[in-house]
Amino acid sequence: MSVIRDPELERLLEGLHARSDAQVAALRSYETERTQQTPIGEVKAFLSDKLVALDRDKAELCYQLCRASDARRIVEIGTSFGVSTLYLAAAVRDNIRAAGGNGVVIGTEYEPAKASAARSHFAEAGLSGYIDLREGDLRETLKEIEGPVDFMLVDIWIGMARPALELVAPHLRPGAIVVCDNTEKYRNEYADYFAFLEESGFRTMTLPFDGGLELSVRC
C-alpha cells in the first residue's frame, strides 16, 4: 500500500517509475563503458531523455519525513523530470490540508527540456500550485530563498551536491532534514559533501537503501 492516498497521483507515479525502471539497464551499461575522458557533452546527450528517478522506496521515505515534520518549505536539488518532486509537493499539500497555512517546494533544473517535462507532470498531478521550479544554474537560481527551509533533497551531479548545500544551509532551520542519494555507492566522490556536513554541525547517518541514502539533521 502506498503512503500516498491519492489514486490519480499514484497512477501517474506508477507510469513514471515504470519508464525510469525500463531505462536502468541502459544507464548501467553506459556507466560501465564510459571513461573519465568521455566528453561531458556526450554524457549529457545520453542522459537527456533518462528520468533517473529517485527509487520509489526512497521517495516514499521523503514523503513520510516531510509529513512527520510538517514540512512547509522544501528545496529539491535536481528536479529532472519531476518524479520525486511530486512526492514532496504531495507532502506539502497534505500538510496544508491537515493543519492549514501554506507551503512550497522549490525545485531546480538546469536542462530546459527536462524542466518543461516536469512542469507537464506537475500540471497533470494538479500540484503546480505547490511547486516553484527554478530553471537554470542553481548557483544563480538559489541565491534568494525566502524563509526557513524544513527539508532538502539532494539528487544531482555529485560535484554540485556540496555547492547546493552551501547555498541552502544558511536557510535550514534547526532540526531541518537533508536527504542525499547514493552516498554509499559513491562514498569517495562525496568526500567534499561529507566534509561540509562535518564542518557545519550536521548529525548524519547512511540508511541501507540501494546505493545508500544519507539522512542528515541540522543541529
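A few points on the structure. These figures come from a predicted structure and were not determined experimentally.

Let us now look at helix α5 (residues 83-99). With 17 residues, α5 should cover 24 Å at 1.5 Å per step; its first-to-last C-alpha distance of 25 Å lies within 8% of that length. For α5, the buried fraction is high: 14 of the 17 residues fall into the buried class. With its phi angle positive at about 80°, Gly 100 sits one or two positions after the end of α5.

So, about helix α6 (residues 112-125). Counted at 1.5 Å a residue, the expected span for α6 with its 14 residues is 20 Å, and the 20 Å between its end C-alpha atoms agrees. Among the residues of α6, Lys 114, Ala 115, Ala 118, His 121, Phe 122 and Ala 125 are the ones counted as buried. What you see down the axis of α6 is that its buried residues fit within an arc of 120°, all on one side. In α6, those exposed residues whose orientation departs by more than 90 degrees from the buried face are Ala 113, Ala 123 and Glu 124. For α6, the elements touching its buried residues are α1 (7-22), α3 (40-47), α5, β2 (104-109) and β3 (131-135). The first or second residue beyond α6 is Gly 126, which carries a positive phi of 75°.

Our next topic: the sheet that holds strand β4 (residues 149-154). Sheet architecture is open: seven strands sit in the order β3-β2-β1-β4-β5-β7-β6, paired in mixed fashion. Each of the sheet's edge strands pairs with one partner strand only, and the pair in question is β3 and β6 (202-207). Pairs of neighbouring strands in the sheet enclose a mean axial angle of 15°, with direction left out of account. Examined bridge by bridge, β4 and strand β5 (residues 172-181) share five bridges and lie parallel to one another.

Scanning the entire structure with this criterion turns up two aromatic pairs. On the numbers, 5.7 Å between centres and 65° between planes, the contact of Tyr 190 with Tyr 193 is edge-to-face. Residues Tyr 193 and Phe 194 carry aromatic rings whose centres are separated by 6.3 Å and whose planes lie at 80° to one another, so their mutual orientation is edge-to-face. For Phe 194, a relative accessible area of 18% translates into the label buried. Pairwise contacts between aromatic rings join Tyr 190, Tyr 193 and Phe 194 into one cluster.

Turning our eyes to something else, we now look at the packing of α1 against α6. Between two packed helices, what matters for the description is the angle formed by their axes and the separation of those axes. It is at 9 Å that the axes of α1 and α6 come closest, and there the two elements cross at 150°. The angle between the axes of α1 and α6 places the two elements in the roughly antiparallel class. Contact with α1, carried on its side by Leu 9, Leu 12, Leu 16 and Arg 19, involves His 121, Glu 124 and Ala 125 of α6 and no other residues of that element. Residues of the contact of α1 with α6, tallied by class, amount to four nonpolar, one polar and two charged.

A separate point is the pattern of salt bridges. Tallied over the entire structure, the rule returns 19 salt bridges. Here Glu 135 and Arg 119 are joined by a salt bridge, their closest N and O atoms 3.2 Å apart. Here the residue Glu 135 occupies a position in strand β3, and Arg 119 occupies one in helix α6, the gap between them amounting to 16 residues. By relative accessible area, which is 36% here, Glu 135 ends up partly exposed. In this structure, Arg 162 and Glu 199 form a salt bridge, with 3.3 Å as the shortest nitrogen-oxygen distance. With Arg 162 in helix α8 (residues 161-168) and Glu 199 in helix α9 (residues 191-199), the pair connects residues that are 37 residues apart, well separated along the chain. Glu 199 sits in the exposed class, given a relative accessible area of 55%.

What counts, and where the lines are drawn
- Residues numbered from 1 in each chain as written.
- Predicted model: local features only at pLDDT ≥ 70, side-chain atom pairs only at ≥ 80, totals over all residues.
- Heavy atoms only, no water.
- Helix = DSSP H or I, 4+ residues; strand = E, 2+ residues; numbered from the N terminus.
- Expected span 1.5 Å × (residues − 1).
- Buried < 20%, exposed > 50% of the residue type's maximum accessible area, 1.4 Å probe, protein only.
- Arc of directions from axis to C-beta.
- Contact = heavy atoms within 4.5 Å.
- Pairing = 2+ DSSP bridges.
- Axes fitted to C-alpha atoms, helices over the stretch in contact; angles between N-to-C directions.
- Phe/Tyr/Trp six-rings, centres within 6.5 Å; stacked < 30°, edge-to-face > 60°.
- Parallel < 35°, antiparallel > 145°, perpendicular 65-115°, else oblique.
- Nonpolar A, V, L, I, M, F, W, Y, C, P; charged D, E, K, R; others polar.
- Salt bridge = Lys/Arg side-chain N within 4 Å of Asp/Glu carboxyl O.

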